[in-house]
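Structural overview
In case you want the letters, here they are:
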Amino acid sequence: MDNILKIGKYELGSRLIVGSGKYDSFETTKNATLASGSELITVAVRRLNITDPNKENLRDTFKGTNVKFLPNSAGCTTAEEAITLFRLTREATGIDLIKLEVIGDTQKTLYPDVLETIEACKVLAKDGFTIMAYTSDDPIMAKRLEDAGAHAVMPLAAPIGSGLGVQNPYNIVFVREAISVPVIVDAGIGCASDAAYAMELGAHGVLTNTAIAQAQNPMIMAEAMKHAIKAGRMSYLAGRIAKRPYATASSPVDGMIQF
């Protein structure tokens, strides 16, 4: 049962969430997603078509699979923009599970504007959306997002697309301890070991896009991510040994027969 990730009213059989950007085709996007075992793919509504049936539509590519769509508000810089986008998207698609992100720095860091995100979260929660909120790795802001109605909080590991991995592991732990909704580590994952590490810190899931889409072999990396998420979760649940500054013998000398 621990394989089930619960976000609001939704249940997912995989703790890995993937993105849809930076692939060379919709078909590659589909194949990599299926290889990853993910059941949820996030889509930037402003960049990829999931609403117009008269154009190439990513939703058509995934027909017949168990993969759900997670519209995101990438490109929005104000709460009002994000609110309007999601209302229109739900009207067109019926999807109410969303990834809320409001970007404060659109030129260099792509860091979120958390205050605008909180304001959007309050309105969208009242509208009945199931909200996964992208944010900084600040436990105070994570708690405020939960209080605003977020069903999952998504702290960044590092800047979007950087591949730097988890830069502040302590803050990921602090966020997990501060809130009761799932913590999904988002942005900055570069390889499978980064994903496993995030899970070992106690994250309930990981979202990654660039690490798979721009790998030299996206299919192999997608499968590696699938196994890394499972291994990291199992390692966290098993409980690691304490770190010590000195060696401890695998076979203690106490009680040994002396010659």
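Placed above this text is the structure.
Only a predicted model underlies this, so the values are computations on that prediction, with no experimental measurement involved.

**Quick look at unusual backbone geometry**
Located in the positive-phi region is Lys22, a residue other than glycine, with phi close to 70°. With respect to the helices and strands, the residue Lys22 is situated in the loop between strand S3 (16–19) and helix H1 (26–36). Despite not being glycine, Ala187 has its phi angle at roughly 80°, a positive value.

**Notes on the pattern of salt bridges**
It is possible for side chains bearing opposite charge to pair when their charged atoms get close. Throughout the structure, instances matching the rule amount to nine salt bridges. Lys6 is the partner of Glu11 in a salt bridge, and the nearest nitrogen-oxygen pair spans 3.8 Å. For Glu11, a relative accessible area of 48% puts it in the partly exposed group. Residues Lys9 and Asp96 are paired through a salt bridge, measuring 2.8 Å at the closest nitrogen-oxygen approach.

**As for the packing of helix H7 (residues 192–200) against helix H9 (residues 218–238)**
Contact pair H7 / H9: the axes reach a minimum separation of 7 Å and the direction vectors enclose 25°. Viewed along their axes, H7 and H9 adopt a mutual orientation that is roughly parallel. In this structure, H7 crosses over H9, and the sense of that crossing is right-handed. Across the interface between the two elements, Ala192, Ala195, Ala196, Met199 and Glu200 from H7 touch Met221, Ala224, Met225, Ala228, Ile229, Gly232, Arg233, Ser235 and Tyr236 from H9.

**Describing the side chain of Lys30**
Looking at the secondary structure, you find Lys30 in helix H1. Residues contacting Lys30, with those up to four places away along its chain left out, are Thr61, Phe62 and Thr65.

**Focus: the pairing of strand S10 (residues 205–208)**
Burial along S10 is two-sided: the residues Gly205 and Leu207 and Val206 and Thr208 are all buried. Where S3 and S10 come together, three bridges link them in parallel fashion. Residue pairing across strands places Ile17 opposite Leu207, the latter belonging to S10. Pairing of strand S9 (residues 184–186) with S10, which is carried by three bridges, proceeds in the parallel orientation. Within S10, the position partnered with Asp186 by the bridge is Leu207. Each parallel crossover has a hand, and the one from S9 via H7 to S10 is right-handed.

The rules behind these values
- The written sequence of each chain sets the order in which its residues are numbered from 1.
- Given that this is a predicted model, residues contribute local features only at a pLDDT of at least 70 and side-chain atom pairs are listed and counted only at 80 or more, while totals for whole chains, interfaces and linings are drawn from all residues.
- Heavy atoms throughout the structure, all of them, feed into the side-chain values; hydrogens and water do not.
- Only runs of H or I of at least four residues qualify as helices and only runs of E of at least two qualify as strands under DSSP, and these elements are numbered from the N terminus.
- By salt bridge we mean one thing: a side-chain nitrogen of Lys or Arg within 4 Å of a carboxyl oxygen of Asp or Glu.
- Burial classification: accessible surface area is computed with a 1.4 Å probe over protein chains only, and a residue below 20% of its type maximum counts as buried, one above 50% as exposed, and the rest as partly exposed.
- Every axis corresponds to a line fitted to the C-alpha atoms, with the helix fit spanning only the stretch in contact, and the corresponding angles, defined between N-to-C directions, vary from 0 to 180 degrees.
- For classification purposes, angles smaller than 35 degrees are called roughly parallel, those larger than 145 roughly antiparallel, those between 65 and 115 roughly perpendicular, and all remaining angles oblique.
- Whether a crossing is left-handed or right-handed is set by the direction in which the near helix is turned from the far one by less than a right angle, anticlockwise for left-handed and clockwise for right-handed.
- What makes two residues a contact is simply this: any of their non-hydrogen atoms within 4.5 Å.
- Any two strands between which DSSP finds at least two bridges are classified as paired.
- When the strands point away from the viewer and the connection leading from the first strand across the helix to the second strand turns clockwise, the crossover is called right-handed.

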